[in-house]
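Residue-level structure breakdown
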Amino acid sequence: MSASYKKNYFSLTWKRLSSIGYPEVRGWCLRRVPILEWGPRYSIRENLIPDSIAGMMLTVQQVAQGLAFAVMSSVHPVFGLYGSLFPPLIYAIFGMSHHVSTGTFAITSLISAGAVERLVPPNDGNVTQGLPGDLGLSEFEMQRIGVAAAVTFLGGVIQVSMFLLHLGFTTFLLSQPVVSAMTTGAATHVVTSQVKFLLGLQMPYISGPLGMFYIYIYVFKHLNLVNIGALLLSILSLCVLIVTTELNEKFKNKIRFVIPIDLALIITTAMACYFSDMHKAYDVDIVGHIPKGIPLPRAPSMDVIQHVVIEAFSMALVGYTVSICLAYNSAKKFNYSVCENQELFAHGLSNIIPSFFCCIPNAGAPGRTFLLYNNGAKTQVACVISCILVLMVIYFVAPLLCWLPMSVLASIVVVGLKGMLIQFRDLKKYWNVDKYDWVIWISTYVFTICFAANIGLLFGVVFSIAVGALRLTRAKTLSVVHLHDDYSTGFEDEHSKLFHELEVIAISTPLFFLNAKKLNTDILEIKRKLVSRKDSCKLNTGPLLIPMSAGDSGGLSQGLKNDRMTVILNCSGITFFDFTGINTLTQIVLDLREHGSDVIFSGCSASLVKALHYCDPGAKHQHFFTDVKSALDAMKIIKCTGSSLEVLDSSEA
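For clarity, every value in this text was computed on a predicted model and none was experimentally measured. (Residues numbered from 1 in each chain as written. Predicted model: local features only at pLDDT ≥ 70, side-chain atom pairs only at ≥ 80, totals over all residues. Heavy atoms only, no water.)

**Focus on the overall build of the chain**
Test applied: Per the convention used, a helix needs a DSSP run of H or I reaching at least four residues, while a strand needs a run of E reaching at least two, with both numbered from the N terminus. Exposed residues in this analysis have more than 50% of their type's maximum accessible area, buried residues have under 20%, and partly exposed residues fall in between, with area computed by a 1.4 Å probe over protein chains only. For accessible areas, the Shrake-Rupley method is used with a probe of radius 1.4 Å. Any residue's cover is judged against the shown protein chains and nothing else.
Across its full length, the chain carries 29 helices and eight strands. Within the chain, the proportion of its 653 residues that are buried is 51%. For the chain, the computed accessible surface area is about 31200 Å², with 64% contributed by carbon and sulfur atoms.

Given below as structure tokens:
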């Protein structure tokens, strides 16, 4: 690179930087930090009360699910509380959705657990040995959260990298059946992971392909080891939660708040377990000691980064998929917009920054988001209020939660998954609307429960694309419309014979390699009809075929004089094309000409005309009209006067 080039380059760069003023900086900040836009416009009178109520209700779910999802992630329950504090706060600043509740999430916790159990397995069941580290926890627990935090950090880095590459647009690959089936399958995995707590059964960690089925096989083989006390407590908790949830849903229009049954159940069962000493008397598992306070910032364990790449990618993709779907739904429900790339940025930071505070992977949670809907939340202030309350729980209430039975916590998690599990009802809708979507849903669900959420998501996307491509290549492209109904205006009765001497064929879809073969098949059918009509002596009304086909012209006026069939090719529906499609189109033109048909074009874009001229030198002598009506008017003049088509060049495109 020469010195003069370097000088010009740096001069141009400095000129661009120096031209950046306050409006540009302000616009960038408002785009990347949305709270700066909606925060100053926040109406305390209208929004603070509903946001406060929703925030208090959300806190109960955040605490209960935070504890449960931390256990699901194979780390100490207290780290779930940290995951309920930092990520929602970060997302409230950088996220665009007003109602998505970010924090600990069941699916991402299961993904993280795979890395934790693989890299830091239990040491002969003794999980309490080791020197105490920060927060008074054993070195074993700190090693486990180090792995989980590494997954959180790397997953966030992947999401931010996707933001920098502007990959938010890839959400168009996520069809509704794929997302519905994946989340339902993941919810099935979560329910399975809670079975051991519901039954009070001690069992090893089981994962891998068909791992869910192996879990149930193990349970059925060891039914004699079920803890009766934990089972009865689970049944009672499930009944109370389900009945109260249904009542809340039924009377939500008559009462202004949702009955906080989760909070009541946590307090009641924790006190009952404390006073009756269930842990020792009936061997009921409890949450155990929970440290008070929050940890000092520490970098995630970088030594294990290279070993958690698969889990990090899975967490980043699955977590973002669920989160962006929730953002779309809330934006549609409350009439505002979200940006996919900004959501990637927000969720990436919501994982990167909390990873320095011993947080497990997080994402938008459907259950808690729907809770915000039902409690009338207006903005992310509800999540900020929830964070404040969670911080108070960590410092003042957390030590009292040590007596909470794990079976009750598992019951809260299972009932909280109701929204995802009832998506089975979508099967009837898909069957009645589109059988292909039904097949995609079933296939994606089966892959998800047999393998994992990330495998199910990947399969669903690839399978739905394959099905779409197959349907495109086999789609019916012909429809019949009566020519007199649409294009007869202005034609004299004595010229009605003209209708029997032409076909109007419209290409109404993109023309590329996937449908080139189908295009050729449709043209063969049209040629057969053209030959039949030329040999027929009947003068019935000619049809207007609207297929995906093409043609060429040459000597049109001479063709009309000799009673040749004329094809008008309407190309206005070709939104894009490739070389294979154009090559097929030109070959079809030659075939039509050989079978005694003249072809003229209408509605061609400039790029299409250029492509036709490049691929078919004979196209230079063809005629292109702006629309079908112009072509028909030209044919009427030729029929009336017997003149040449060249005199109509002024009408052509």
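**Things to note about the pairing of strand S7 (residues 597–602)**
Looking down a regular strand, the side chains alternate between one sheet face and the other. Condition: The pairing criterion for strands is at least two bridges between them, as found by DSSP.
Burial analysis of S7 places six of its six residues in the buried class, the great majority of the element. With burial as the criterion, each face of S7 is covered, one bearing Ser-597, Val-599 and Phe-601 and the other bearing Asp-598, Ile-600 and Ser-602. As paired strands, strand S6 (residues 565–570) and S7 are joined by six bridges and run parallel to one another. The partner of Ile-568 across the bridge, within S7, is Ile-600. Where S7 and strand S8 (residues 624–625) come together, two bridges link them in parallel fashion. Each residue of the ladder has a partner; that of Ser-602, found in S8, is Phe-625.

**Here we look at the side chain of Gln-61**
Where we set the bar: Polar contacts, as counted here, are pairs of nitrogen or oxygen atoms within 3.5 Å of one another; within protein the pair requires one atom able to donate a hydrogen and one able to accept it, and residues that are adjacent in sequence qualify only if both atoms are side-chain atoms. Whether two residues are in contact is decided by their heavy atoms, any of which lying within 4.5 Å being enough.
In this structure, Gln-61 sits in helix H4 (residues 44–72). Within the local environment of Gln-61, its side chain forms a polar contact with the side chain of Asp-262, the two groups lying 2.6 Å apart. Setting aside residues up to four positions removed in sequence, Gln-61 forms contacts with Gly-66, Asp-262, Arg-368 and Leu-371.

**Digging into the side chain of Asn-351**
Inspection of the secondary structure assignment puts Asn-351 in helix H16 (residues 340–355). By relative accessible area, Asn-351 is classed as buried at 0%. Here the side chain of Asn-351 touches His-347 through a polar contact of 2.9 Å, landing on its backbone oxygen. The contact partners of Asn-351, leaving out residues within four places of it in the chain, are Thr-152, Phe-153, Gly-156, Gln-159, Met-315, Pro-361 and Asn-362.

**Examining the nonpolar core**
Worth spelling out the cut-off: Think of a nonpolar core as a cluster: buried Ala, Val, Leu, Ile, Met, Phe, Trp, Tyr and Cys residues, connected wherever their side-chain atoms sit within 4.5 Å.
With 107 residues, the main nonpolar core has Leu-67, Phe-79, Ile-145, Ile-290 and Leu-409 as its most contacted residues. No other element matches helix H8 (residues 139–164), which puts 13 residues into this core. Ignoring anything within four residues of it in the chain, the contact list for Ile-290 reads Leu-67, His-76, Val-78, Leu-81, Ala-398, Pro-399 and Leu-401. Counting 23 residues, the second-largest nonpolar core is a separate cluster that includes Ile-523, Ile-588, Leu-592 and Leu-608.

**Some thoughts on unusual backbone geometry**
The backbone of His-166 sits at a positive phi, close to 55°, despite the residue not being glycine. Checked against the element boundaries, His-166 lands in the loop between H8 and helix H9 (176–193). The class for His-166 is partly exposed, based on a relative accessible area of 48%. Positive phi outside glycine occurs at Asp-277, with the angle close to 55°. Examined against the element boundaries, Asp-277 turns out to sit in the loop between helix H13 (261–276) and helix H14 (278–281).

**Observations regarding the packing of aromatic side chains**
To keep things clear, this is the line we draw: Side-chain rings of Phe, Tyr and Trp, where Trp is taken by its six-membered ring, are said to pair if the distance between their centres is within 6.5 Å; with planes under 30 degrees apart they count as stacked, over 60 as edge-to-face, and otherwise as tilted.
Scanning all chains against the criterion turns up 20 aromatic pairs. For the ring pair Phe-370 and Tyr-373, a centre distance of 5.8 Å and an interplane angle of 45° mean the geometry is tilted. You can see Phe-370 and its partner Tyr-373 sitting in helix H17 (residues 366–374), three residues apart, about one turn around the helix. For Tyr-373, a relative accessible area of 15% puts it in the buried group. With 5.3 Å between their ring centres and 50° between their planes, Phe-512 and Phe-576 make a pair best called tilted. Of the two residues, Phe-512 sits in the loop between strand S4 (502–506) and helix H25 (516–535) while Phe-576 sits in the loop between S6 and helix H27 (579–594), which places them 64 residues apart along the sequence.

**Regarding the state of the cysteines**
Which entries qualify depends on this criterion: The criterion for a disulfide is a pair of cysteine sulfur atoms lying within 2.5 Å.
Applying the stated criterion across every chain, the model contains zero disulfides. Lacking any disulfide linkage, Cys-358 is separated from the closest cysteine sulfur, that of Cys-359, by 7.5 Å.

**Considerations on the sheet that holds S8**
With parallel pairing, the four strands of this open sheet are ordered in space as S4-S6-S7-S8. Single-partner strands in this sheet number two, and they are S4 and S8.

**Details of the packing of helix H7 (residues 106–119) against H9**
To be explicit about the condition: For every element, the axis is a line fit to its C-alpha atoms; helices are fit only across the contacting stretch, and the angle between N-to-C directions ranges from 0 to 180 degrees. Oblique is the label for every angle not falling under 35 degrees (roughly parallel), over 145 degrees (roughly antiparallel), or within 65 to 115 degrees (roughly perpendicular). Working rule for handedness: look at the near helix, and if it is turned counterclockwise from the far one by less than a right angle, call the crossing left-handed; if clockwise, right-handed. Polar here means any residue outside two lists: the nonpolar Ala, Val, Leu, Ile, Met, Phe, Trp, Tyr, Cys and Pro, and the charged Asp, Glu, Lys and Arg; Gly therefore counts as polar.
Two numbers describe how H7 lies on H9: the axes approach to 9 Å, and their chain directions differ by 65°. Taken as axis vectors, H7 and H9 run roughly perpendicular relative to one another. Here H7 and H9 pass one another in a crossing that is left-handed. Along its contact with H7, which presents Ala-106, Ile-107 and Leu-110, the element H9 presents Ala-186, His-189, Val-190 and Ser-193. Each residue belonging to the contact of H7 with H9 can be placed in one class, and the counts come to five nonpolar, two polar and no charged.

**As for the environment of Asn-341**
Here Asn-341 is to be found in helix H16. According to the relative accessible area criterion, Asn-341 is buried, its value standing at 15%. Look past the residues within four positions of Asn-341 in its chain and what remains in contact with it is Met-162, Phe-163, His-166, Leu-167 and Gly-168. Side chain to side chain, Asn-341 and His-166 meet in a polar contact 3.4 Å long.

**Here we look at helix H19 (residues 406–416)**
Two residues of an α-helix separated by three or four positions point the same way, owing to the 3.6 residues in each turn. Here H19 lies mainly inside the structure; ten of its eleven residues are buried. Residues of H19 that are buried include every one of Met-406, Ser-407, Val-408, Leu-409, Ala-410, Ser-411, Ile-412, Val-413, Val-414 and Val-415, and no others. On its buried side, H19 packs onto H4, H9, helix H10 (195–199), helix H12 (228–250), H13 and helix H20 (418–421).

**Here's the deal with a nonpolar patch on the surface**
Convention followed: Exposure above 30% relative accessible area and the absence of a salt bridge qualify a residue for a patch, where like charges join within 9 Å and nonpolar side chains (Val, Leu, Ile, Met, Phe, Trp, Tyr) within 5 Å. Salt bridge criterion: a side-chain nitrogen from Lys or Arg within 4 Å of a carboxyl oxygen from Asp or Glu.
On the surface, Ile-294, Ile-388, Leu-391, Met-392, Tyr-395, Phe-396, Val-397 and Leu-400 cluster together to form a nonpolar patch covering roughly 740 Å² of accessible area. Mapped onto the elements, Val-397 comes out in helix H18 (residues 381–397).

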